[in-house]
Amino acid sequence: MGINLSKGQRIDLTKTNPGLTKVIVGLGWDTNRYHGGYDFDLDASAFLTDSNSRVINDHDFIFYNNLVHPSGAVEHTGDNRTGEGDGDDEQIKIDFSKVPSHVDRIAITVTIHDAEARNQNFGQVSNAFARVVDEESGREILRFDLGEDFSVETAVVICELYRHNGDWKFNAVGSGFAGGLAALCRNFGLEV
């Protein structure tokens, strides 16, 4: 069992886990009872940013329509449209050894697809979590349970992995946004 983190906590990944180069960021959630007539479709994304938290190229945005970064450093394993079942609902694989030098941070986000049209928000989502697993051994290194802090938000920056003095660290962010994926894209400097 890995370390459980709280919002705002940071932890070293590669310094305290020598040889760690490939991780899986597993994301999961449940939806509360909801009578709006629509299924929930939550989507994980990764924004590969520079030191100013800006995406430099469109291909540095990994999501359901762009699953693999050209470098091979980040791969989204596919869209889960229902969130049914136990465990990870979506996964993003990261190979630290392949992350391009212009990338300082990898922000991991979750958004609700068509949230406004479906009248959905993160207040209707429970048990959301992110966990980091050593891909080679399958060992869970850490887990961050998001809690129930959200009401009207339709997008959440769950965590970020970032370089510091040549090592990779994890930051449990848990920051909500209104405006869904478009708002997140603008936040990270992408045109929508």
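What counts and what doesn't
- Along each chain, numbering runs from 1 in the same order as the chain's sequence is written.
- In keeping with the predicted nature of the model, local features appear solely for residues at pLDDT of at least 70, side-chain atom pairs appear and are counted solely at 80 or more, and the whole-chain, interface and lining totals rest on all residues.
- With hydrogens and water set aside, each side-chain value is computed from the structure's full complement of heavy atoms.
- For the exposure calls, accessible area comes from a 1.4 Å probe over protein chains only, and a residue counts as buried if that area is under 20% of its type's maximum, exposed if over 50%, partly exposed in between.
- Helix and strand definitions here come from DSSP, where helices need a minimum of 4 consecutive H or I residues and strands a minimum of 2 consecutive E residues; each element is numbered from the N-terminal end.
- Strands pair, by our definition, only if DSSP identifies at least two bridges between them.
- When a carboxyl oxygen of Asp or Glu is within 4 Å of a side-chain nitrogen of Lys or Arg, the pair counts as a salt bridge.
- When two rings of Phe, Tyr or Trp (its six-membered ring) have centres within 6.5 Å they constitute a pair, described as stacked for plane angles under 30 degrees, edge-to-face for angles over 60, and tilted for the intermediate range.

Engineer: Describe the pairing of strand β4 (residues 42–49), naming the residues involved and giving the relevant values.
Structural biologist: Burial runs high along β4: 8 of the 8 residues are buried. What you see with β4 is no split at all: L42, A44, A46 and L48 on one side and D43, S45, F47 and T49 on the other are buried throughout. With 8 bridges joining them, β4 and strand β8 (residues 105–112) adopt antiparallel strand pairing. Bridged to A46 within β8 is I108. Bridging between β4 and strand β5 (residues 61–62) involves 2 bridges; their strand directions are antiparallel. Paired with A46 across the two strands is I62, which belongs to β5.

Engineer: Tell me about the pattern of salt bridges, residues and numbers included.
Structural biologist: Here the structure, examined in full by the defined rule, presents 5 salt bridges. Salt-bridge contacts for D88 lead to R131; the nearest nitrogen and oxygen are separated by 2.8 Å. Of the two residues, D88 sits in the loop between β6 (74–76) and β7 (90–95) while R131 sits in strand β9 (residues 125–134), which places them 43 residues apart along the sequence. Among the ionic pairs, R143 bridges to D145, the shortest N-O distance being 3.2 Å. Through salt bridges with shared partners, one network takes in D88, R131 and E140.

Engineer: Go over the pairing of strand β12 (residues 167–177), please, and point to the residues and values.
Structural biologist: A regular strand carries its side chains on alternate faces of the sheet. Inspection of the sheet shows strand β2 (residues 10–12) paired to β12 by 3 bridges, in the antiparallel sense. Looking at the pairing, I11 lines up with F170 of β12. Joining the antiparallel neighbours strand β11 (residues 155–164) and β12 is a turn of 2 residues, in which N165 adopts a positive phi near 50°.

Engineer: Account for the packing of aromatic side chains, with residues named and values stated.
Structural biologist: Across all of its chains, the model carries 5 aromatic pairs by this definition. Ring centres 4.4 Å apart and planes at 25° place the aromatic pair F47 and F188 in the stacked group. On the criterion of sequence distance, the pair formed by F47 in strand β4 and F188 in the segment after α2 (180–187) is long-range, its members being 141 residues apart. In this structure, F47 and F188 share a single accessibility class: buried. With a centroid separation of 4.9 Å and 20° between ring planes, the pair formed by F96 and W168 is classed as stacked. One end of the pair, F96, is in the loop between β7 and β8; the other, W168, is in strand β12, with 72 residues separating them in the sequence. An identical accessibility class is assigned to F96 and W168; each is buried.

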